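Chain and residue survey
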Amino acid sequence: MTQPPTPAAPQAPATPEVFVNRIFAIKTTSKQERTVADNILKAIETKAIDVKVTAIIVPNELQGYVLVETPEKMNRIEQLVEKVAHARSVIKGETSLAEVGHFLIPKPVVSGIEEGTIVELIAGPFKGEKAVVKRVDSAKEEITVELYESVVPIPITVRGDNVRVVEKYSDQK
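Notes on the structure follow. Since the structure is predicted, the reported quantities are computational estimates derived from the model, not experimental observations. (Residues numbered from 1 in each chain as written. Predicted model: local features only at pLDDT ≥ 70, side-chain atom pairs only at ≥ 80, totals over all residues. Heavy atoms only, no water.)

**A word on the overall build of the protein chain**
- Check the secondary structure of the protein chain and you find four helices and nine strands.
- Helices and strands in the protein chain line up, N terminus first, as β-α-β-β-α-β-α-β-β-β-β-β-α.
- Taking all 173 residues of the protein chain together, the buried fraction comes to 31%.
- Taking as baseline every contact in the protein chain between residues at least 6 positions apart, the subset at least 24 positions apart corresponds to 58%.
- Carbon and sulfur atoms make up 53% of the accessible area of the protein chain, which amounts to about 12100 Å² in all. (Helix = DSSP H or I, 4+ residues; strand = E, 2+ residues; numbered from the N terminus. Buried < 20%, exposed > 50% of the residue type's maximum accessible area, 1.4 Å probe, protein only. Contact = heavy atoms within 4.5 Å. Areas by Shrake-Rupley, 256 points an atom, 1.4 Å probe, with all protein chains shown as cover.)

**Comments concerning the side chain of Thr144**
- Here Thr144 lies in strand S7 (residues 142-147).
- Judged by its relative accessible area of 8%, Thr144 falls in the buried class.

**Let's talk about the layout of surface pockets**
- Approximately 160 Å³ is the volume attributed to the largest pocket.
- Residue lining of the largest pocket: Ser30, Lys31, Glu33, Arg34, Val58, Pro59, Asn60, Leu62, Gln63 and Gly64, and that is the complete set.
- Taken together, the residues that form the lining of the largest pocket break down as three nonpolar, four polar and three charged. (1 Å grid on protein atoms, 1.4 Å probe; cavity = no way out; pocket = protein on both sides within 12 Å on 5 of 7 lines; lining within 4 Å. Points joined across faces, edges and corners; volume = space filled by probe spheres on them. Nonpolar A, V, L, I, M, F, W, Y, C, P; charged D, E, K, R; others polar.)

**Some words on the sheet that holds strand S3 (residues 65-70)**
- Pairing in this open sheet of four strands is antiparallel, and the strands run S2-S3-S1-S4 from one edge to the other. Looking along the sheet, the strands with just one partner apiece sit at the ends: strand S2 (55-57) and strand S4 (87-90). Averaged over all pairs of adjacent strands, the angle between their axes in this sheet comes to 30°, without regard to strand direction.
- In terms of strand pairing, strand S1 (residues 22-28) meets S4 through three bridges, oriented antiparallel. Within S4, the position partnered with Lys27 by the bridge is Ser89.
- Set on the sheet, helix H1 (residues 33-45) makes contact with S1, S2, S3 and S4; between it and S3 the angle comes to about 30°.
- Lying over the sheet, helix H2 (residues 74-83) contacts S1, S3 and S4, oriented at roughly 170° with respect to S4. (Pairing = 2+ DSSP bridges. Axes fitted to C-alpha atoms, helices over the stretch in contact; angles between N-to-C directions.)

**Quick notes on the sheet that holds strand S8 (residues 155-159)**
- Read across the open sheet, the five strands follow the order S8-S7-S6-S5-S9; overall the sheet is antiparallel. Either end of the sheet is taken by a strand with one partner, and the two such strands are S8 and strand S9 (163-167). Sheet twist, expressed as the mean angle between neighbouring strand axes with direction ignored, is 45°.

**Overview of H1**
- Look at H1: 19 Å from first C-alpha to last across 13 residues, which is about the 18 Å you get at 1.5 Å a residue.
- Among the residues of H1, those classed as buried are Glu33, Val36, Ala37, Ile40 and Ala43. One face of H1 carries all of its buried residues, which in axial projection span an arc of 125°. Those residues of H1 that are exposed and angled more than 90 degrees off the buried face are Arg34, Lys42 and Glu45.
- Positioned one or two residues after H1, Lys47 has a phi angle of 60°, which is positive. (Expected span 1.5 Å × (residues − 1). Arc of directions from axis to C-beta.)

Put into structure tokens, the structure is as follows:
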């Protein structure tokens, strides 16, 4: 009896495929950055266009733009922009991860707030009241304030995102 031939083991390619991802900036309609990102995701998931996208970044500091990481060339991203509502154009050229990496690191909510700064409370029972910052706890992202117009100064601890800076301490000097 003869044995059937055993299938050959799959061979590894001689040179592995290397995809170099590029990051492109897409100009959007004002205040529509999140919508454009959602529309790009929807177009890719529904296979409306066959462009490969690795990541979509919508940084708050970069208004009017969405960053797209992809192994594709610029002309393919331009095709994607034509299909997506509120996407206007692709900025010529590409950027690197080193240039946009700072957008990926979250900033503490209390950054820029120091003792003596005048803030307005925008949430909670004292909403609309002005207060002076007495202490900043960066680890917990909380600040302790004293209300500006209160007869008895009572320290109140609030989250850093519940205040809006009215006047910085350095501006008062």
